[in-house]
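Analysis of the macromolecular model
Residues per chain are reported as follows:
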Amino acid sequence: MCRLPVRRNAFRAALLFAAAALSAATLRAQAASPSETIEIDANAASHPFPHFWEKMFGSGRAILSLRDSYRHDLRETKRITGFEYVRFHAIFHDEAGFYDEDKDGHAIYNYSYVDQIYDGLLENHVRPFIELSFMPKKLTSDPNALHAFWYKQNVAPPKDWGKWEQLIENFTRHLVERYGLDEVAQWYFEVWNEPNIDFWVGDPKEATYYELYDRAARAVKRVSPRLRVGGPATAQAAWVDRFLAHCKEKNVPVDFASTHVYGNDRAEDVFGTHESIPRTRMVCRAVKKVHDQIAASPYANTPLIWSEFNASYANEPAVEDTAFMGPWLADTIRQCDGLTTMMSYWTFSDVFEEQGVVKTPFYGGFGLLAERSIPKAAFNDFALLHQLGDTRLDVNSDTVLVSRRKDGSLVVAAWNLFLPEEAGSPKTLTLHFKGLGSAHAVRLTIVDKEHGSPLPAWDKMGHPAFPTPAQIEALRRAAALPSPQQQNLKNDSLTLTLQPHALALIEVGK
């Protein structure tokens, strides 16, 4: 009997010790986590902030746009971003049935699928950014010049340059006759895709591409000078300065310059150096390089359209499928602001077959939506960033974007960015607002590894390669964008802790 109080006292002592240890551990964790106080002035210097990162998206090749799943994902992406253009490869691929020749070698054009493809885009209020590619088998100079992609597009020059030119003119004229010049004048015509690498086997590459471009550009302009044509659509931010010099020398029409880069491209290929450039810096360094080349060219006011970009050109599940994409995208927007007219994220959907038929929902596909229209974290990230205003305010920080909407309310994106291979640590941000006036309500939405991503649910399911309909619905529910948290500023400040790879949107109402 006399031992019971001793046990109670020992238990209480143990609890106190554990509480003290937990408190000390919490303090140590907070001390170890980086923190930052950011001053946000509602009256700071500002500039226009057009949403250049969400005006256009890439997608799987042309024929895939006839699928219901493709069109569903198109509508979903349109809903969250309001995007205006879509770009895809292979409108001239033989699977679209566009080009043939009779026994005497005369061209036969069949617009059945072509019309269905473009009708489908326009019905969903998205315009085509037309990539004029690839070579029809009846027109190619080398039937064996097939690319390694699953759909084996032909990447050789034409056997007859005159027929290539006629093809482009006939194709363009048909579009104008079908949709009207006022409509098609709002589209873009881009000649080919990445001719500096294995998507073009002309020899020499650059000179033969210029002939391909020159003939196509002049054919487009013969239909109407109002139509927009450009290139060189290169990989690795290549050729743009020489391309524009060529257009000037030969008096070839050019309405925009386009090129590509990915976060994991090598400095040797993009800059000709042996630097180690992280994927968090590669894209906008390349954009700045080309922006400056255009400014120094004979066509200094030529719009720069970055017609492909992503954090990786490979299928890296730890990159494209994860919450990493949110802070990576936000920071890319921060760095690239003012340098390009449009950037086309590659791609909006994993209805995509370059490497063959999809074998599992999460394989590092480029899309915002995985197979069976399961939203990835990147889908929700684009939804958050769409809510930024159209005026950007100056701020002394590289982890936030501060914007103002037309109604005067402020919208802030904040993030905690680490490379995918890094574990990272939580980061505490204190946003101190100046110039707001009276107290304001705040709406806070966060996407991170555990919120707005289907991956935790997929992990619990055991990574099914072919999820059942019930599992697909569960994954879609798990991937839903979290509801905003309602908060109030305290002393004009908001403190929040962001987990690694988190993206937060803070709306400060009027």
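Above this text sits the structure in question.
Predicted model only: the values in this text are computed from it and were never measured.

Calculation rules
Residues numbered from 1 in each chain as written. Predicted model: local features only at pLDDT ≥ 70, side-chain atom pairs only at ≥ 80, totals over all residues. Heavy atoms only, no water. Helix = DSSP H or I, 4+ residues; strand = E, 2+ residues; numbered from the N terminus. Expected span 1.5 Å × (residues − 1). Pairing = 2+ DSSP bridges. Axes fitted to C-alpha atoms, helices over the stretch in contact; angles between N-to-C directions. Core = buried A, V, L, I, M, F, W, Y, C linked by side-chain atoms within 4.5 Å. Buried < 20%, exposed > 50% of the residue type's maximum accessible area, 1.4 Å probe, protein only. Contact = heavy atoms within 4.5 Å. Disulfide = S-S within 2.5 Å. Right-handed = clockwise from strand over helix to strand, strands pointing away.

1. Points about helix H4 (residues 161–179)
Here H4 is 19 residues long and its end C-alpha atoms lie 27 Å apart, about the 27 Å a rise of 1.5 Å per residue gives. One or two positions beyond H4, positive phi appears at Gly 180, with a value near 95°.

2. Here we look at the sheet that holds strand S21 (residues 493–498)
One open sheet holds the 3 strands; their spatial order is S1-S18-S21, and the pairing between them is mixed. One side of each edge strand has no neighbouring strand; the edge strands of this open sheet are strand S1 (35–41) and S21. For this sheet, the mean angle separating the axes of adjacent strands, direction not counted, is 20°. Sheet topology note: the S1/strand S18 (residues 427–434) ladder contains 7 bridges and is parallel. Counted as the bridge partner of Asp 41 is Lys 434 from S18.

3. Section: the nonpolar core
Grouped together as the largest cluster of nonpolar side chains are 116 residues, with contacts concentrated most on Tyr 118, Trp 164, Phe 171, Phe 189, Tyr 209, Tyr 213 and Trp 306. Looking at this core, the element that brings in the most residues is helix H6 (residues 205–223), giving 9 residues. In this view, Phe 171 contacts Ile 91, Phe 92, Phe 98, Tyr 111, Val 114, Tyr 118, Ile 130, Leu 132 and Phe 189; residues no more than four positions away in its chain are not counted. Counting 24 residues, the second largest nonpolar core, distinct from the first, contains Val 402, Leu 429, Leu 498 and Ala 504.

4. Let's talk about the sheet that holds strand S3 (residues 56–58)
Pairing in this closed barrel of 8 strands is parallel, and the strands run S3-S4-S7-S8-S9-S10-S11-S12 around the ring. For this sheet the average axis-to-axis angle between neighbouring strands, irrespective of direction, equals 25°. Contacts from H6 reach strand S7 (127–132), strand S8 (188–191) and strand S9 (229–234) within the one sheet, and its direction differs from that of S9 by about 155°.

5. Remarks on the state of the cysteines
According to the stated counting rule, one finds 1 disulfide in the structure shown. Note on cysteine connectivity: Cys 284 is disulfide-linked to Cys 336, with sulfurs 1.9 Å apart. Residues Cys 284 and Cys 336 are joined through a disulfide that is left-handed, its torsion about the S-S bond being -110°. Of this pair, Cys 284 sits in helix H9 (residues 282–295) while Cys 336 sits in helix H11 (residues 325–336), and the two are 52 residues apart along the sequence.

6. Brief notes about the pairing of S9
Counting buried positions along S9 yields 6 of 6 residues, so the element is predominantly enclosed. Where S8 lies against S9, 2 bridges are found, and the strand directions are parallel. In the sheet register, Phe 189 faces S9, and the bridge partner there is Val 229. You can see the chain leave S8, run along H6 and come back into S9, and the turn it takes is right-handed. Sheet topology places S9 next to strand S10 (residues 256–262); 4 bridges connect them, and they run parallel. Along S10, the bridge assignment pairs Gly 230 with Phe 256.

7. Observations regarding unusual backbone geometry
Geometrically, the link from Ser 133 to Phe 134 is a cis peptide bond, its omega value of -15° lying close to zero. Structurally, Phe 134 is set in the loop between S7 and H4. Put simply, Asp 203 and Pro 204 share a cis peptide bond, and its omega is -5°. Turning to its location among the elements, Pro 204 is positioned in the loop between S8 and H6. A positive phi angle, close to 55°, is found at Ala 233, a residue other than glycine. Here Ala 233 is to be found in strand S9. Given a relative accessible area of 0%, Ala 233 falls into the buried group. Positive phi values are uncommon outside glycine, yet Ser 373 reaches one of about 60°. With respect to the helices and strands, Ser 373 occurs in the loop between strand S13 (369–370) and strand S14 (374–375). Judged by its relative accessible area of 10%, Ser 373 is buried.

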